[in-house]
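Structural characterization, general
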Amino acid sequence: MSLGDYPPSEMTVDELESYGLARMDDAEIDGFLQSQSTGVLGLPGEAAPYLLPMSFGYDGASLYVTYVLGTESRKAALTGEGTPARFLVYRADTAFNWESVLLTGRVEPVPEGERDGVLESIAVAWRPDLFERAEAVERADLYRFRIEDRSGIKHTGLPPAFEREAPDSE
């Protein structure tokens with residue numbers, strides 16, 4: 001039996017709300033994106049999406065990522081002017097305490113004239129050291145992920161066995 005032969009077993013966000021899942025509002029999404037610095041960029045590929053773990057900066061409207069480009073860069077080849085893409089930012093502290101934000105938008109290179117201003121306005125809290133070293137030798141370009149749509153979900157409840165039942169009122 002192939003995976004496609006199984007009936008769908010996904011539950012919707014609405015159905016999962018009764019188990020403690022909650023939608024994040026705009027303020028929560030902004031706060032979450034400002035507190036995080038890594039996620040997964042999904043670019044359109046030929047046979048399947050091309051997924052890349054990335055560090056990022058967030059200015060309140062867009063994400064910014066750096067591509068370190070060697071002689072051949074698949075991500076640069078897949079990223080044209082205004083390429084549609086998705087970006088997933090998540091944090092999972094425990095099975096009962098996690099947050100996830102899914103962004104849909106377009107990726108575009110930041111024009112050279114805007115680069116210094118963008119770098120001053122964003123703070124990338126964490127970046128792999130190898131990128132810092134590679135940027136000193138290789139070509140690196142700054143890209144903007146223009147957010148067109150965003151949604152966030154979270155679960156911050158206790159495990160069911162630890163939830164207190166309301167005392168009977170008599």
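Everything that follows concerns the structure shown earlier in this document.
Residues numbered from 1 in each chain as written. Predicted model: local features only at pLDDT ≥ 70, side-chain atom pairs only at ≥ 80, totals over all residues. Heavy atoms only, no water.

Here's the deal with the overall build of the protein
From N to C terminus, the protein includes 5 helices and 8 strands. Reading the protein from its N end, one meets helices and strands in the order α-β-α-β-β-β-β-α-β-β-α-α-β. Taking the contacts inside the protein whose residues are at least 6 apart along the sequence as the reference set, 73% of them involve residues at least 24 apart. Carbon and sulfur atoms make up 51% of the accessible area of the protein, which amounts to about 11300 Å² in all. (Helix = DSSP H or I, 4+ residues; strand = E, 2+ residues; numbered from the N terminus. Contact = heavy atoms within 4.5 Å. Areas by Shrake-Rupley, 256 points an atom, 1.4 Å probe, with all protein chains shown as cover.)

Topic: the pairing of strand 2 (residues 38–43)
Sheet topology places strand 2 next to strand 3 (residues 50–55); 6 bridges connect them, and they run antiparallel. Bridge pairing in strand 3 links Val 40 to Pro 53. The turn linking strand 2 back onto strand 3 is made up of 6 residues. (Pairing = 2+ DSSP bridges.)

Here's the deal with the packing of aromatic side chains
Following the criterion strictly, the structure yields 3 aromatic pairs and no others. Measuring from ring centre to ring centre gives 5.9 Å for Phe 87 and Phe 145, while their planes differ by 65°; the resulting arrangement is edge-to-face. One end of the pair, Phe 87, is in strand 6 (residues 83–94); the other, Phe 145, is in strand 8 (residues 139–155), with 58 residues separating them in the sequence. Phe 145 shares its class with Phe 87; the two are buried. (Phe/Tyr/Trp six-rings, centres within 6.5 Å; stacked < 30°, edge-to-face > 60°. Buried < 20%, exposed > 50% of the residue type's maximum accessible area, 1.4 Å probe, protein only.)

Quick look at the nonpolar core
Core analysis: the largest hydrophobic core is formed by 23 residues, its most contacted members being Leu 41, Leu 63, Tyr 67, Phe 87, Leu 103, Val 107 and Phe 145. Of all the elements in the fold, those that place two or more residues in this core are helix 2 (26–35), strand 2, strand 3, strand 5 (62–69), strand 6, strand 7 (97–109) and strand 8. It is strand 5 that provides the largest number of residues to this core, a total of 4 residues. Residues within four places of Tyr 67 in sequence aside, it is in contact with Leu 41, Leu 43, Met 54, Lys 75, Ala 76, Thr 79, Val 107, Arg 139, Ala 140, Asp 141 and Tyr 143. Residues Tyr 64, Val 118, Ile 122 and Leu 142 belong to the second largest nonpolar core, which totals 5 residues. (Core = buried A, V, L, I, M, F, W, Y, C linked by side-chain atoms within 4.5 Å.)

Notes on the pairing of strand 8
Alignment of strand 1 (residues 21–23) against strand 8, held across 3 bridges, turns out to be antiparallel. Opposite Leu 21, over in strand 8, you have His 155 as the bridge partner. Relative to strand 8, strand 5 is paired through 8 bridges, and the arrangement is antiparallel. Bridging across to strand 8, Tyr 64 finds its partner in Arg 144. As paired strands, strand 7 and strand 8 are joined by 12 bridges and run antiparallel to one another. The residue of strand 8 that forms the bridge with Val 101 is Gly 152.

Section: helix 2
Buried residues of helix 2: Ile 29, Phe 32 and Leu 33, and no others. Projected down its long axis, helix 2 carries its buried residues within an arc of 95°, all on one side. Counted as exposed and oriented over 90 degrees from the buried face of helix 2: Ala 27 and Gln 34. Looking at the buried side of helix 2, the elements it contacts are strand 4 (57–58), strand 6, strand 7 and strand 8. Between a side-chain oxygen at the N-terminus of helix 2 and the backbone nitrogen of Ala 27 the separation is 3.1 Å; the capping residue is Asp 25. (Arc of directions from axis to C-beta. Polar contact = N/O pair within 3.5 Å; in protein donor to acceptor, adjacent residues only side chain to side chain.)

As for the pattern of salt bridges
One pass over the structure, following the stated rule, counts 9 salt bridges. Salt-bridge contacts for Asp 93 lead to Arg 91; the nearest nitrogen and oxygen are separated by 3.1 Å. Judged by its relative accessible area of 45%, Asp 93 is partly exposed. In this structure Arg 91 comes out as partly exposed when scored by relative accessible area, which is 28%. In this structure, Arg 146 and Glu 108 form a salt bridge, with 2.5 Å as the shortest nitrogen-oxygen distance. (Salt bridge = Lys/Arg side-chain N within 4 Å of Asp/Glu carboxyl O.)

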